[in-house]
Amino acid sequence: MHIVHIPDGFLSLPVALLSLLISAAFLVLSVIKVRSKKLLTSEKVSILTSLSAGVFIAQMIAWPIPGGTSLHLVGGALAGIIMGPWLGIISMSLVLLVQCLIFHDGGITALGANILCMGVVAVLVGYATYRVLTRLVPNFVAGITAGWLSLTLAGTACGIILGVSWGSALPIYVMSVWHAILGVVEGVITGSVISYLHRVGSILRWE
Amino acid sequence: MISRKTFITLLILLFLSPFFGVYLADLTGYHEPLDIVAEELGLIEAEFNWTPLKDYKFPGLPDFAGYVVSGAVGLAIIIAIGYLIKHLAVVNP
């Protein structure tokens, strides 16, 4: 079995609890923002559902590289760019929750850490990077950069969480370097989907 | 809710998924960055389980079919949650 999400037994108890608290705080904040900005329209729920389903299936498709690792999409940047940070966080958390509870993909004690990395860091970094860059460069380039940085920093966050758990710098190094390489694929997929959505006239609705 | 086009795309990807997730993964013995960290630090996954669908397998089905059925179950749950949100929480301005 390959380990994509953090399983049980990989985190120290204080780190597991702290990451659960932080991601729970972000989820509560997201729900508050969604309610106060009245983001949850019928149309947005359809986009939320389609995107969550798409991310779930995309994560089941991994292209293995012989002797190495695999190329696959996490989708956090895509969720943040298409739906904005708050619905993006909710969408990714929904996927991670289903993966954890139904398929044991990611440990139950590591759910907070997994949501923090892929549901919060990946979404916020992807969204912020895209928003800044889209004014300066073409959508495709902004999407590539957002996807790459999103995966790199999500992986780095996971490395920091593991490193703090066991007092070792090694996970930070391994996770950040590997994800910076794998992030190229995340970037290309993110950039392609975003520029396709722009071409077919789907507007990205942030507010 | 979900457009027909999206749904058909999802179904196609669902049926393609075991070629990657089961067949090619077994063929190449692939591992993730997290596997490398686990090896280096000697981390071992804790042995307790709460679901019959662990690792996208379905009891009684071969890995290949189990992966597709698991994917369908996951999709159905996510879409059902979408409907639930739509009926309980939607604000229509």
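This write-up is about the structure you can find in this document. Keep in mind that this is a model prediction, so the values were computed, not measured. (Residues numbered from 1 in each chain as written. Chains lettered and ligands numbered in written order. Predicted model: local features only at pLDDT ≥ 70, side-chain atom pairs only at ≥ 80, totals over all residues.)

## Quick notes on the overall build of chain A
Here is the rule we go by: Helix numbers and strand numbers start at the N terminus; a helix is a DSSP run of H or I with at least 4 residues, a strand a run of E with at least 2. We compute the radius of gyration from the C-alpha atoms alone; for a globule the expected value is 2.2 Å times N to the 0.38, where N is the number of residues. Counts of 20 or more other C-beta atoms within 10 Å of a residue's own C-beta define buried residues, counts of 12 or fewer define exposed ones, and intermediate counts define partly exposed ones; C-beta atoms are placed from the backbone. Any pair of residues counts as being in contact when their C-beta atoms, constructed from backbone geometry, are within 7 Å of one another.
For chain A, the count of helices and strands is six helices and two strands. Ordered by position in the sequence, the α and β elements of chain A form the string α-α-β-β-α-α-α-α. Since a compact globule built from 207 residues should have a radius of gyration of about 17 Å, the 16 Å found for chain A is in line with a globular shape. Taken across its 207 residues, chain A has 61% of its residues classed as buried. Restricting the contact set of chain A to residue pairs at least 6 apart, pairs at least 24 apart contribute 74%.

## A look at the packing of helix α3 (residues 76-103) of chain A against helix α3 (residues 63-89) of chain B
Applied cut-off: Comment: axis = line fitted to C-alpha atoms, over the contacting stretch for helices; angle = value between 0 and 180 degrees taken between N-to-C directions. Roughly parallel refers to an angle under 35 degrees, roughly antiparallel to one over 145, roughly perpendicular to one between 65 and 115, and oblique to any angle outside these ranges. Crossings are classed by handedness, with left-handed meaning an anticlockwise turn of the near helix from the far one by less than a right angle and right-handed meaning a clockwise turn.
In the contact formed by α3 of chain A and α3 of chain B, the axes pass within 11 Å of each other and the chain directions differ by 130 degrees. Between α3 of chain A and α3 of chain B, the angle is such that the two are oblique. As α3 of chain A packs across α3 of chain B, the resulting crossing turns out to be right-handed. Seen from α3 of chain A, the contacting residues are Leu94, Val98, Ile102 and Phe103 of chain A; seen from α3 of chain B, they are Ser70, Val73, Gly74, Ile77, Ile78 and Ile81 of chain B.

## Some details on the interface of chain B and chain A
What counts, and what does not: Only Asp, Glu, Lys and Arg are considered charged, only Ala, Val, Leu, Ile, Met, Phe, Trp, Tyr, Cys and Pro nonpolar, and every remaining residue, Gly among them, polar.
Every contact between the two is made by 53 residues of chain B and, on the other side, 51 residues of chain A. Elements that contribute at least two residues to the side of chain B that touches chain A include exactly α1 (4-28), α2 (33-41) and α3 of chain B. The element best represented in the side of chain B that touches chain A is α3 of chain B, accounting for 13 residues. For the side of chain B that touches chain A, the per-class residue count stands at 34 nonpolar, twelve polar and seven charged.

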